[in-house]
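# A look at the structure
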Amino acid sequence: MPTILSGVQPSGQLHLGNYFGALAQHVALQHEPGEHFYFIADYHALTTSKGAAELRERVRDVALSYLALGLDPAKAVLFRQSDVPEVTELAWLLACVTGMGLLERAHSYKDKLAHGIRPSVGLFTYPLLMAADILAYDSDQVPVGKDQVQHVEMAQDMAGYFNGAYGEVFKRPEARLPAAAAEAKVPGLDGEKMSKSYGNTIWIFESGKALKKRIGAIVTDSRPPEEPKDPEGLVPCQLLKLFLSAEEYAQWCERIRAGGPGAPGYGHLKLRLQEAIEQHFAAARAERERLVQHPEQVERVLRDGAAVARARARATRDRALQACGLR
Ligand code: AQP
């Protein structure tokens, strides 16, 4: 039976990209045979931390979101990354067999520099810790969005370097992308990848006026509705595609391509998007509100999850220490 593992950073409010690229997949996959591990990557979030209180709040928010969206602790192990400190030890062992060149090629690191983010050493070595997270649980599959595929490939490389030096210790993981390409890379309000650190997100549980304001900020141009357009090139359409049935989406596209008096304007598309988002997350929003009243339940899930995850990671850590001569 495969081991499936993934994680999400508590580095800001979870957005539609995190939902379609990660959480929705994770919740769906829990019904497949296998062992399922999902963690809240709080060590990783320290690379962009805005203080202790906010980090604690974000960790709580990710846990609430997973549970509200339907992750079942009886089927999947949900835990905090920092409850398994063995991963930092493994990251060091991997660092010692990994060349600088591999990390220097990381797209995500280069994108962050291009956005003016001042990097710490932690941000640069992020792929090492991510590889340790993946390898610690002998993961076979890592469900992620497209932006994280390179990091999973790096974990494959690092496992290969270590095994090459010290013998077979780590299992080779494979990335697993959402079936629909549109879900693997969700655009943000500005049309770039939706990302917590780019300020271009729509929070999963946003609603009412706040949601309307976010949607209102989606980039459009000044072309009139009557002008025929390619719907695939419009950010409101790229987002609508994620929520509408294939049939309804095709109807909107047809009207946009045709142009003329019957064509919808950007305002119509945004209104439909707002309705679709409100509706899609209505049940999860209500469940989240219920869970907020029961923090002890959420904490219990994380504590129990950590116990299972830590036992697993310790065994891998011991194997790795033994192999390289530290035991
Ligand atoms: N725009 C996106 N489209 C599809 N999938 C996405 N993911 C993130 N953005 C999109 C997927 O969400 C999972 C968790 O990501 P993360 O929080 O660990 O880090 P990230 O990929 O770097 O996400 P952000 O929002 O861009 O976070 P920051 O700005 O803090 O670095 C991953 O599976 C990712 O693929």
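Our subject in this report is the structure included herewith. (Residues numbered from 1 in each chain as written. Predicted model: local features only at pLDDT ≥ 70, side-chain atom pairs only at ≥ 80, totals over all residues. Heavy atoms only, no water.)

## Some thoughts on the overall build of the protein chain
Counted only if it meets this: Helix and strand labels come from DSSP, where a helix needs a run of H or I of at least four residues and a strand needs a run of E of at least two; each type is numbered from the N terminus. Note on exposure labels: buried denotes an accessible area under 20% of the residue type's maximum, exposed denotes more than 50%, and partly exposed covers the range between, all computed with a 1.4 Å probe on protein chains only. Note on contacts: a residue pair is in contact if any heavy atoms of the two residues lie within 4.5 Å. In short, Shrake-Rupley with a 1.4 Å probe defines the accessible areas, and a residue's cover is counted only from the protein chains shown. For the purpose of counting charges, residues Lys and Arg are taken to be positive, whereas Asp and Glu are taken to be negative. His and the chain ends are not included. Here the site of a charge means NZ on Lys, CZ on Arg, CG on Asp, or CD on Glu.
When you go through the protein chain residue by residue, the secondary structure sums to 16 helices and 5 strands. Its C-alpha atoms give the protein chain principal-axis dimensions of roughly 75 × 45 × 40 Å. In the protein chain, buried positions account for 51% of the 327 residues. Looking at the protein chain alone, contacts between residues at least 24 apart form 78% of all its contacts between residues at least 6 apart. As displayed, the protein chain offers around 14800 Å² of accessible surface, 53% of which is attributable to carbon and sulfur atoms. Taken together, the 39 basic and 40 acidic charged side chains of the protein chain have centroids lying 3 Å from each other.

## Section: the site of the ligand
As a reminder of what qualifies: When we say a residue is near a molecule or strand, we mean one of its heavy atoms is within 4 Å of it. Polar contact criterion, stated in full: a pair of N or O atoms within 3.5 Å, where within protein one must be able to donate a hydrogen and the other to accept it, and residues adjacent in sequence count only if both atoms are side-chain atoms. For this classification, Asp, Glu, Lys and Arg are treated as charged, while Ala, Val, Leu, Ile, Met, Phe, Trp, Tyr, Cys and Pro are nonpolar and the rest, including Gly, are polar.
Every one of the 23 residues lining the ligand counts as a neighbour, but Lys 112, Asp 147, Ser 195, Lys 196 and Ser 197 are closest to it. Between an oxygen atom of the ligand and a side-chain N or O atom of His 15, the distance comes to 2.7 Å. Contacts to the ligand include Asp 147, whose side-chain N or O atom sits 2.5 Å from an oxygen atom. When contributions to the shell around the ligand are tallied by element, the ones reaching two or more residues are β1 (3–8), α1 (16–29) and α10 (181–184). No other element matches α1, which puts 4 residues into the shell around the ligand. When grouped by side-chain class, the residues that make up the shell around the ligand number 6 nonpolar, 11 polar and 6 charged.

## Some thoughts on the pattern of salt bridges
Condition: Salt bridge, as used here: a side-chain nitrogen of Lys or Arg that lies within 4 Å of a carboxyl oxygen of Asp or Glu.
The final tally for this structure, using the stated rule, is 22 salt bridges. The shortest N-O distance in the salt bridge between Glu 174 and Arg 172 comes to 3.2 Å. Residue Arg 172 is classed as exposed on the basis of its relative accessible area of 52%. Here Glu 248 makes a salt bridge to Arg 272, at a shortest N to O gap of 2.7 Å. Of this pair, Glu 248 sits in helix α13 (residues 246–258) while Arg 272 sits in helix α14 (residues 266–280), placing them 24 residues apart in sequence. Salt bridges here are not isolated pairs; linked through shared partners, they connect Arg 80, Asp 83 and Glu 299.

## Considerations on the pairing of strand β2 (residues 35–40)
Note the cut-off: Strand pairing is assigned whenever DSSP detects at least two bridges linking the two strands. By definition, the crossover connecting two strands over a helix is right-handed if that path, from the first strand to the second, turns clockwise as seen with the strands pointing away from the viewer.
Across the 6 residues that make up β2, a large majority, 5, are buried. Bridge count for β1 against β2 is 6 bridges, and the pairing is parallel. From the neighbouring strand, Ile 4 faces β2, where its bridge partner is His 36. Assessed by its sense of winding, the connection that carries the chain from β1 through α1 to β2 is right-handed. Inspection of the sheet shows β2 paired to strand β3 (residues 77–80) by 4 bridges, in the parallel sense. By the bridge assignment for β3, Ile 40 is matched with Arg 80.

## Description of the packing of helix α3 (residues 52–68) against helix α15 (residues 282–292)
The condition that has to hold: Fitting a line to C-alpha atoms yields each axis, with helices limited to the stretch in contact; the angle taken between N-to-C directions then spans 0 to 180 degrees. The cut-offs work like this: below 35 degrees is roughly parallel, past 145 is roughly antiparallel, 65 to 115 is roughly perpendicular, and the gaps in between are oblique. Each crossing gets its hand from how the near helix is turned against the far one by less than a right angle, where anticlockwise is left-handed and clockwise is right-handed.
In the contact formed by α3 and α15, the axes pass within 9 Å of each other and the chain directions differ by 130°. One element, α3, and the other, α15, form an angle in the oblique class. For the pair α3 and α15, the sense of crossing is right-handed. In this structure, α3 contributes Arg 60, Asp 61, Leu 64, Ser 65, Leu 67 and Ala 68 to the contact, and α15 contributes Ala 284, Glu 287, Arg 288, Leu 291 and Val 292. Residues of the contact of α3 with α15, tallied by class, amount to 6 nonpolar, 1 polar and 4 charged.

## Side note on the packing of aromatic side chains
So the rule is basically this: Any two rings among Phe, Tyr and Trp, with Trp reduced to its six-membered ring, count as a pair given centres within 6.5 Å; such a pair is stacked if its planes are under 30 degrees apart, edge-to-face if over 60, and tilted if neither. Two thresholds decide whether a charge sits over a ring: the Lys NZ or Arg CZ must be within 6 Å of the ring centre and within 35 degrees of the ring normal.
The full count for this structure, using the stated rule, is 13 aromatic pairs. Residues Tyr 19 and Phe 281 carry aromatic rings whose centres are separated by 4.8 Å and whose planes lie at 80° to one another, so their mutual orientation is edge-to-face. Of this pair, Tyr 19 sits in helix α1 while Phe 281 is found in the loop between α14 and α15, placing the two residues 262 residues apart along the sequence. Each of the two residues, Tyr 19 as well as Phe 281, counts as buried. Taking 5.2 Å as the distance between ring centres and 85° as the angle between the ring planes, the aromatic pair formed by Phe 20 and Phe 243 counts as edge-to-face. Of this pair, Phe 20 sits in helix α1 while Phe 243 is found in helix α12 (residues 235–243), placing the two residues 223 residues apart along the sequence. As far as the burial class goes, Phe 20 and Phe 243 line up, both buried. Three or more aromatic residues link up through ring pairs in this structure, and these residues are Tyr 19, Phe 20, Trp 203, Phe 205, Phe 243 and Phe 281. The ring of Trp 252 carries the charged tip of Arg 255 above its face, separated from the ring centre by 5.2 Å.

Just distances and angles here, no functional claims.
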